[in-house]
Amino acid sequence: MHGGINHTIGVLFVCLGNICRSPMAEGAFRAASQARGLACHVDSAGTASYHIGHRPDPRAVEVASLKGIDISGQSARQIERNDFYRFSHIIALDRANLEGVRAKAPRDGTARLAMLMDAVEGRRGEPVADPYYGDTAAFEAAWSTISLGAEAWAELLLLEAKTMRA
Ligand code: 4NP
């Protein structure tokens with residue numbers, strides 16, 4: 001038996017370290033879903049283990065706070081087997097991490113796997129570049145792309161939730 005929350009929408013955002021991109025995606029998507037009244041469980045994780053237990057990168061915290069979103073309380077973790085049953089959607093920030101997620105997926109996992117930009121018209125499959133070795137501008141660019149993706153997923157999942165209830 002797996003701890004299941006699959007009766008509702010659960011979204012897990014996944015990047016490499018879970019300290020830059022996926023924490024921003026978690027924050028942006030939580031705000032976007034709350035703004036729409038979409039009830040869902042939101043979390044983020046990394047495919048790698050380097051940063052387990054770490055807070056988000058200060059540059060990610062700063063760029064989110066400029067938009068009024070507080071991500072400072074998040075703590076990095078690595079994606080685990082149970083995530084593939086607990087979450088309805090696992091959304092990767094780039095292609096390598098989607099492949100990393102796929103490689104870890106149990107055969108009977110129920111989560112749908114996708115990329116962040118898949119929900120954005122005309123930008124399907126587009127990766128969010130890793131800003132970790134970049135400057136502030138790289139974090140600002142990552143935030144812009146991520147918030148577009150997060151808004152689009154919130155919109156899409158709101159429609160799906162309505163269809164499920166209908
Ligand atoms: P993230 O960025 O995957 O967006 O959290 C990275 C953070 C740390 C490392 C790589 C990417 N690292 O190699 O330590």
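Small disclaimer: the values here were computed from a predicted structure and weren't measured. (Residues numbered from 1 in each chain as written. Predicted model: local features only at pLDDT ≥ 70, side-chain atom pairs only at ≥ 80, totals over all residues. Heavy atoms only, no water.)

Caption draft 1: Quick look at the site of the ligand. As a matter of local geometry, the ligand sits amid Cys15, Leu16, Gly17, Asn18, Ile19, Cys20, Arg21, Tyr50, His51, Asp130, Tyr132 and Tyr133. Between Asn18 and the ligand, the recorded distance is 3.3 Å, taken from a backbone N or O atom to an oxygen atom. A distance of 2.9 Å separates an oxygen atom of the ligand from a polar atom in the backbone of Cys20. Across the complex, the protein chains shield 92% of the 350 Å² of accessible surface that the ligand would expose by itself. Of the residues belonging to the shell around the ligand, the class tally is seven nonpolar, three polar and two charged. (Near = heavy atom within 4 Å. Polar contact = N/O pair within 3.5 Å; in protein donor to acceptor, adjacent residues only side chain to side chain. Areas by Shrake-Rupley, 256 points an atom, 1.4 Å probe, with all protein chains shown as cover. Nonpolar A, V, L, I, M, F, W, Y, C, P; charged D, E, K, R; others polar.)

Caption draft 2: Representation of the nonpolar core within the structure. The biggest cluster of nonpolar side chains holds 37 residues, and the ones touching the most others in it are Phe13, Met24, Phe29, Leu93, Leu116 and Ile146. Every element with two or more residues in this core is listed here: β1 (9-15), α1 (21-35), α2 (58-65) and α5 (136-165). Of all the elements, α5 adds the most residues to this core, at eleven residues. With nine residues, the next largest nonpolar core counts Leu12, Ile90, Val101 and Ala111 among its residues. (Core = buried A, V, L, I, M, F, W, Y, C linked by side-chain atoms within 4.5 Å. Buried < 20%, exposed > 50% of the residue type's maximum accessible area, 1.4 Å probe, protein only. Helix = DSSP H or I, 4+ residues; strand = E, 2+ residues; numbered from the N terminus.)

Caption draft 3: The sheet that holds strand β4 (residues 112-115), seen in detail. Taken in spatial order, the four strands line up as β2-β1-β3-β4 in an open sheet, and their pairing is parallel. Since the sheet does not close on itself, it has two edges, and those belong to β2 (40-46) and β4, each with one partner. The average undirected angle you get between the axes of adjacent strands in this sheet is 20 degrees. Here strand β3 (residues 89-92) pairs with β4 via four bridges, running parallel. (Pairing = 2+ DSSP bridges. Axes fitted to C-alpha atoms, helices over the stretch in contact; angles between N-to-C directions.)

Caption draft 4: Summary view of the packing of α1 against α5. Interaxial distance between α1 and α5 falls to 8 Å at its minimum, and their mutual angle equals 45 degrees. By the angle between their directions, the pair α1 and α5 is classed as oblique. Handedness of the crossing formed by α1 with α5: right-handed. Contacts between α1 and α5 pair Arg21, Met24, Ala25, Ala28, Phe29, Ala32 and Ser33 from the former with Phe139, Ala142, Trp143, Ile146, Ser147, Ala150, Glu151, Trp153, Ala154 and Leu157 from the latter. Classifying every residue of the contact of α1 with α5 by side-chain character gives 13 nonpolar, two polar and two charged. (Parallel < 35°, antiparallel > 145°, perpendicular 65-115°, else oblique. Left-handed = near helix turned anticlockwise from the far one by under 90°. Contact = heavy atoms within 4.5 Å.)

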